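# Secondary and tertiary structure notes
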Amino acid sequence: MRTNLGDLEELSKQTTYLINVIGFIEEAELNLAKFKNRLGQPQTQMKFHICDGNSRVKVTFWDAFAELFHESIEEDFEWPLIIIIGSARVTLWQEEVDISNVGATTFYINYNHYSVNHLRNMLKEKKFIEAHKSILKKEPIQILNIKEIKELPEEYLEKQVLCNVKVKKVNTQQKWFKHICTSCYQEAKKVNEIFHCICGPRDVPYPEKWFNLCVVCCDSTREIEIVLENVAGQKCYGKHVCDILDEDDESNFPKVLNTIMDQDYKFQIAIQNGEGPMESRKFCAKDIVSEKYPNNNDDNQPRPLEESYAEPSTSTFHLDTLSEIN
């Protein structure tokens, strides 16, 4: 039986039953977070929100299950994605309902089921769209050269483009990573030896460390300064920030970061407002579209609950047990 998202807070108080839910994924960009927990063990995490038209809840997938989900959404699905999550665990974390995976959890993306079709039809209704303006539609990403990117009009702010570039220089004068709040993925700043989330009065005792490396790139048209964010940085180096820090003193600029110079990449670049009066725009590499970076997925990573070997399915896969979701 399907559980309405609005009923999950009451169910979060029990540990006997697992739940089945359905909703559309609000985020247009879904990225894995890889980090080391306070015991020094590597973990993988993906957070996003789902909505059923009435209520909105957070979903957190962990480790191998998160990686499986991330691989699945790279297929050419209709957006927004509508997901059915079966046999999931619901908890209350920091006064917010959170759905997470256990060993029995499965997921189905854009499955050919009447509940999915009903929600898809709702998404097309004018009143529904007006009430849920946060729904972001996935659009084809343009491939532009540097000159074209720098001349883009204001309406391209917060949008993304692709660009083929060569890394010309790595900025060794700026800090190459930043600390991240483990609850909301926003930056955490240290004040009096304690990290605090910039989005609210929240202490972050064990912040994650994400790439934030500034590089100068070029093509046949111009040069551009790009900030390599976490996913792009991981793919460039085949390592996480913590791995590099384990190999080098944090007070020094790691020599390994210079190894990408003179290398060619196709970056997925987000165009953002600059952070100061001297910077009108900021260009951030969110990802790399390339076959050359290594795959660091590790099936032996520790899991927070029990091991998950769920198989994702699409609308072409038949699943008899979905008849119980209504």
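Since the structure is predicted, the reported quantities are computational estimates derived from the model, not experimental observations. (Residues numbered from 1 in each chain as written. Predicted model: local features only at pLDDT ≥ 70, side-chain atom pairs only at ≥ 80, totals over all residues. Heavy atoms only, no water.)

Moving on, we come to helix H3 (residues 114-123). The periodicity of an α-helix, 3.6 residues per turn, causes residues three or four positions apart to be oriented the same way. If you check which residues of H3 are buried, you get Ser115, Val116, Leu119, Arg120, Met122 and Leu123. Relative to the axis of H3, the buried residues are bounded by an arc of 155° and lie together on one face. (Buried < 20%, exposed > 50% of the residue type's maximum accessible area, 1.4 Å probe, protein only. Helix = DSSP H or I, 4+ residues; strand = E, 2+ residues; numbered from the N terminus. Arc of directions from axis to C-beta.)

Burial analysis of helix H6 (residues 230-237) places eight of its eight residues in the buried class, the great majority of the element. Following H6 by one or two positions, Gly238 adopts a phi angle in the positive range, close to 70°.

So, about the packing of aromatic side chains. In this description, an aromatic ring pair is defined by two values, namely the gap between the centres and the angle between the planes. A complete count under the given rule lists 12 aromatic pairs for this structure. Here Phe48 and Phe61 contribute two aromatic rings whose centre-to-centre distance is 5.5 Å and whose plane-to-plane angle is 75°, an arrangement assigned as edge-to-face. Highlighted residues: Phe48 in strand E3 (residues 42-51) and Phe61 in strand E4 (residues 56-62), separated in sequence by 13 residues. Judged on exposure class, the residue Phe48 and its partner Phe61 are both buried. (Phe/Tyr/Trp six-rings, centres within 6.5 Å; stacked < 30°, edge-to-face > 60°.)

Note on placement: Arg56 falls in strand E4. Discounting residues that sit within four places of it in the chain, Arg56 has contacts with Glu26, His49, Ile50 and Cys51. (Contact = heavy atoms within 4.5 Å.)

On to the pattern of salt bridges, then. If the charged atoms of two oppositely charged side chains come close together, the side chains can form a pair. With the rule as written, the count across this model stands at 12 salt bridges. A salt bridge links Lys189 to Glu187, with the nearest nitrogen and oxygen atoms 3.3 Å apart. The class of Lys189 is partly exposed, set by a relative accessible area of 45%. Residue classification places Glu187 among the partly exposed residues on the basis of a relative accessible area of 23%. (Salt bridge = Lys/Arg side-chain N within 4 Å of Asp/Glu carboxyl O.)

Another point: the confidence of the model for the protein chain. Mean pLDDT over the protein chain: 82, with 83% of residues reaching 70 or higher. Confidence over residues 291-324 falls short of pLDDT 50; this stretch has 72 contacts with residues more than four positions distant or in other chains. (pLDDT = per-residue confidence, 0-100.)

Trp176, Val215, Ile226, Leu228, Ile260 and Phe267 are the most contacted members of the largest nonpolar core, which has 35 residues in total. Broken down by secondary-structure element, the contributors of at least two residues to this core are helix H5 (146-150), strand E8 (160-170), strand E13 (213-218), strand E14 (223-228), H6, helix H7 (241-247), strand E15 (264-276) and strand E16 (279-288). Top element by residues in this core is E8. It accounts for five residues. The residues touching Leu228, leaving out its near neighbours within four places in the chain, are Phe211, Asn212, Leu213, Val215, Cys236, Ile260, Phe267 and Ala285. By size, the runner-up hydrophobic cluster in this structure holds 28 residues, among which are Met46, Val57, Ile83 and Val97. (Core = buried A, V, L, I, M, F, W, Y, C linked by side-chain atoms within 4.5 Å.)

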